[in-house]
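Topology and contacts: notes
Residues per chain are reported as follows:
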Amino acid sequence: MYSVRKVKTKSGSTAIQVVQYLGHRSKIFKHIGSSKLDAEIVALQRKALDWIEEQTSQTKLFQEQKQKILFVDRSECIGVTHNFAFQFFTRCIEECGLSGLPRLITDLSIMRLIEPASKQRSIELLSHYFGIKYSQRIYRNIPKLIIHKPFIEQCTYNIASEKFNEPFYFVLYDVTTLYFESFNADDFKIQGFSKDNKSQQPQIVIGLLTTQSGFPLSYQVFAGNTFEGKTMLPVVEKFVLQHPKTKPIIVADAAMLDEERLTELKQKGISYIVGARLSNANLKLIKQIHNTLNGKHGAIARFSSRHGDLICDFSQKRYKKDSNDLNKLILKAKELVAKQSLGTKAKFVKRISKEKIELNTELIEKRKLIIGIKGYCTDLPEKQLSNEVVIDRYHQLWHIEQSFRMSKFDLQSRPIYHQNEDAIRSHILICFVALIIEKYLEISTKLSLREIRFLVWNITETHIQDKLTKEKFKFISPTDKVMKSSLANIIKKWNLLPH
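These figures come from a predicted structure and were not determined experimentally.

Considering the overall build of the chain
Assigned secondary structure in the chain consists of 17 helices and 16 strands. A compact globule built from 499 residues would reach a C-alpha radius of gyration of about 23 Å, whereas the chain, at 33 Å, exceeds it by more than 25%. Expressed along its principal axes, the backbone C-alpha trace of the chain runs to roughly 115 × 55 × 40 Å. Expressed as a percentage of its 499 residues, the buried residues of the chain come to 50%.

Right under this line is the structure:
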């Protein structure tokens, strides 16, 4: 039989102990604490009774409802945690079918979403915010993570198909570059045409395939000096090979358009919509386009070209912008001709001898004919794909451009600090997983990552400890804001309501 005993100490305090009486002898099992204040002594006695009930099979003779009482004047805050935010993103990973991945991938991906940083800093933050510990040996494991890429890409296909009912009739393709915080190049990370204006630093090229809404499906990493036009076919061909039931139409910008690349697509039986470079067309075709559209806002026409059907439309808004840009270029060219600046290259300037340059009036007149006109090429006839659909699908490319911006700015995928090729590829893989989660949430909630992060990060758990009894209390911050947002439905659906 266990009892609670009060004992006076030499200091005049009253000590509370849990004891067991054996005949005329007693054995002390637990010293609960001591105090001189009556209220604190009562609290210590209550804690002793609770300890007996929790640690032994002995129950109280008279059961009473448990009440946890917080004495503010003798309590202290021992920490604030963000477990709700971690649980939220973890649940999203599960929803996307990615819970089978190693914890290292999912934890680092979550930190990319919450507070992008280096791998070392991410490990520190995982420990600080969530109590998740990793040793420095993770750097040995990071290069091995790349083996999970096929599984992740299969998951993205399943998400797009099952969650978003994606028919894969159209897919978007684009390319970007990511630079390194280093000037040491090799055959993989090497200088090339930089989309980040970092031409002196080594880089890699990323080719990304997405759905019409910008949800990522597949990607591939290329050496930094790879011409972007050569990246499309390997990515698209791999996707079609992995999913033979899909026969998507590839939508890409004008950088992908050259005769060799389009011939390859035709040979593989892959249909396309790509931006046209009208300035490279012959003068006869340009005059035909100009005369047919006749400067009428919204006018659309289809023409034959060596790249397939060429659809052109005229926009008054585009006309004003193109005219302004053209006038600036002509003015610069005239200034160079006036100064005879032989060493400066510029549009609409041509060299007629070693010592003389002049204005290229023929090129200027040709360019004036296509002001306000945008062209789109496709191999599909109008019966199969109308002019309006071609233009509309091409304009969806902003979704994939947005995905690249998310990766670079929200997830801070660059600059890259890794040197080993497999570690570099694993870094991109972690960023890709984070992008999957970000786009899934954005499409599901219509909120940006910044808005989502603000809402879930501000649901905190404040931990208070009674300095006398060592009893701990947890207080959840108000959830009004998040439950009034478009996150409320998925929080309820995932049963994540804080309690």
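Considerations on the nonpolar core
Counting 121 residues, the largest nonpolar core has Phe88, Phe89, Leu98, Ile204, Leu441 and Leu487 as its most contacted members. The dominant element in this core, judged by the number of residues it contributes, is helix H14 (residues 421–445), at 13 residues. If we skip the residues at most four places from it in the chain, Leu441 touches Phe88, Phe89, Cys92, Lys446, Ile452, Ile490 and Trp494.

Focus: the sheet that holds strand S9 (residues 272–276)
Note on sheets: strands pair through backbone hydrogen bonds, and any given pair is parallel or antiparallel. Here eight strands make up an open sheet; going across it, the order is S7-S6-S5-S8-S9-S14-S11-S10 and the pairing mixed. Here the strands that pair on one side only, and so sit at the sheet edges, are strand S7 (216–223) and strand S10 (300–305). Strand-to-strand twist in this sheet, taken as the mean axis angle between neighbours without regard to direction, amounts to 25 degrees. Two elements, S9 and strand S14 (residues 373–378), share four bridges in a ladder whose sense is antiparallel.

Some remarks on helix H4 (residues 119–130)
Over its 12 residues, H4 extends 16 Å from the first C-alpha to the last, a length consistent with the 16 Å expected when each residue adds 1.5 Å. Three or more residues of H4 are buried, namely Lys119, Ser122, Ile123, Leu125, Leu126, Tyr129 and Phe130. End-on view of H4: buried residues confined to an arc of 165 degrees, all on one side of the axis. Looking at the packing, one finds that the buried side of H4 touches strand S4 (75–81), helix H2 (83–95), helix H3 (103–114), helix H5 (138–141), H14 and helix H15 (449–457). Positioned one or two residues after H4, Gly131 has a phi angle of 70 degrees, which is positive.

Notes on the environment of Ser13
Along the polypeptide, Ser13 turns up in the loop between strand S1 (2–8) and strand S2 (14–22). For the pair Ser13 and Gly33, spaced 20 residues apart in sequence, the C-alpha to C-alpha distance is 9.8 Å. Residues within four places of Ser13 in sequence aside, it is in contact with Val7, Lys8, Ser34, Ser35 and Lys36.

As for the packing of aromatic side chains
Applying the stated criterion across every chain, the model contains 15 aromatic pairs. Judged by centre distance (4.7 Å) and plane angle (40 degrees), the rings of Phe86 and Phe130 are tilted. Highlighted residues: Phe86 in helix H2 and Phe130 in helix H4, separated in sequence by 44 residues. Relative accessible area serves as the criterion here: at 12%, Phe130 is assigned to the buried category. Joined through ring pairs, the aromatic side chains of Phe86, Tyr129, Phe130 and Trp457 make up one cluster. The residue whose ring lies beneath Lys149 is Tyr219, and the NZ or CZ to ring-centre distance is 4.5 Å.

Some remarks on the state of the cysteines
Summed over all chains, the structure comprises zero disulfides. The closest cysteine sulfur to the non-disulfide-bonded Cys312 is located on Cys377, 8.0 Å from its own sulfur. The exposure class assigned to Cys312 is buried, which follows from its relative accessible area of 0%. Judged by its relative accessible area of 2%, Cys377 is buried.

As for the sheet that holds S4
Pairing is antiparallel in the open sheet, where three strands are placed in the order S4-S15-S16. Each edge of the open sheet is held by one strand with a lone partner, namely S4 and strand S16 (472–476). Ignoring which end each strand starts from, the neighbouring axes of this sheet average 25 degrees apart. Both strand S15 (residues 461–466) and S16 contribute to a ladder of five bridges, which runs antiparallel. Considered in S16, the bridge of Glu461 is made with Ile476.

Here we look at the pattern of salt bridges
Throughout the structure, instances matching the rule amount to 23 salt bridges. Among the ionic pairs, Glu94 bridges to Arg91, the shortest N-O distance being 3.8 Å. A residue pair is termed a helical-turn pair when its members lie 3 or 4 positions apart in one helix, as Glu94 and Arg91 do in helix H2 at three residues. Among the ionic pairs, Arg318 bridges to Asp313, the shortest N-O distance being 3.5 Å. Note on Arg318: relative accessible area 22%, which makes it partly exposed. Under the relative-accessibility criterion, Asp313 is labelled buried at 11%. Each member of the salt-bridge network shares a partner with another, and the members are Arg91, Glu94, Glu95, Lys163 and Lys493.

A closer look at H3
The terminal C-alpha atoms of H3, which comprises 12 residues, lie 16 Å apart, in line with the 16 Å expected from a rise of 1.5 Å per residue. Of all the 12 residues making up H3, 11 are buried; the element is thus mostly covered by neighbouring parts of the structure. Within H3, the full set of buried residues consists of Leu104, Ile105, Thr106, Asp107, Leu108, Ser109, Ile110, Met111, Arg112, Leu113 and Ile114. Buried residues along H3 sit against H2, H4, H5, helix H13 (398–410), H14 and H15.

Observations concerning the confidence of the model for the chain
Of the residues in the chain, 97% reach a pLDDT of 70 or more, and the chain-wide mean stands at 88. Mean pLDDT across the secondary structure elements of the chain bottoms out at helix H1 (residues 38–55), with 78, and peaks at helix H6 (residues 149–163), with 96.

Some thoughts on the pairing of S10
Of the pairings in the sheet, the one linking S10 to strand S11 (residues 308–314) comprises six bridges and is antiparallel in character. Its bridge partner lying in S11, Arg302 is registered against Ile311. The loop that links S10 with its antiparallel partner S11 comprises two residues.

Reading the values: rules and limits
- Residues numbered from 1 in each chain as written.
- Predicted model: local features only at pLDDT ≥ 70, side-chain atom pairs only at ≥ 80, totals over all residues.
- Heavy atoms only, no water.
- Helix = DSSP H or I, 4+ residues; strand = E, 2+ residues; numbered from the N terminus.
- Rg over C-alpha atoms; globule rule 2.2 N^0.38 Å.
- Buried < 20%, exposed > 50% of the residue type's maximum accessible area, 1.4 Å probe, protein only.
- Core = buried A, V, L, I, M, F, W, Y, C linked by side-chain atoms within 4.5 Å.
- Contact = heavy atoms within 4.5 Å.
- Pairing = 2+ DSSP bridges.
- Axes fitted to C-alpha atoms, helices over the stretch in contact; angles between N-to-C directions.
- Expected span 1.5 Å × (residues − 1).
- Arc of directions from axis to C-beta.
- Phe/Tyr/Trp six-rings, centres within 6.5 Å; stacked < 30°, edge-to-face > 60°.
- Lys NZ or Arg CZ within 6 Å of the ring centre and 35° of its normal.
- Disulfide = S-S within 2.5 Å.
- Salt bridge = Lys/Arg side-chain N within 4 Å of Asp/Glu carboxyl O.
- pLDDT = per-residue confidence, 0-100.

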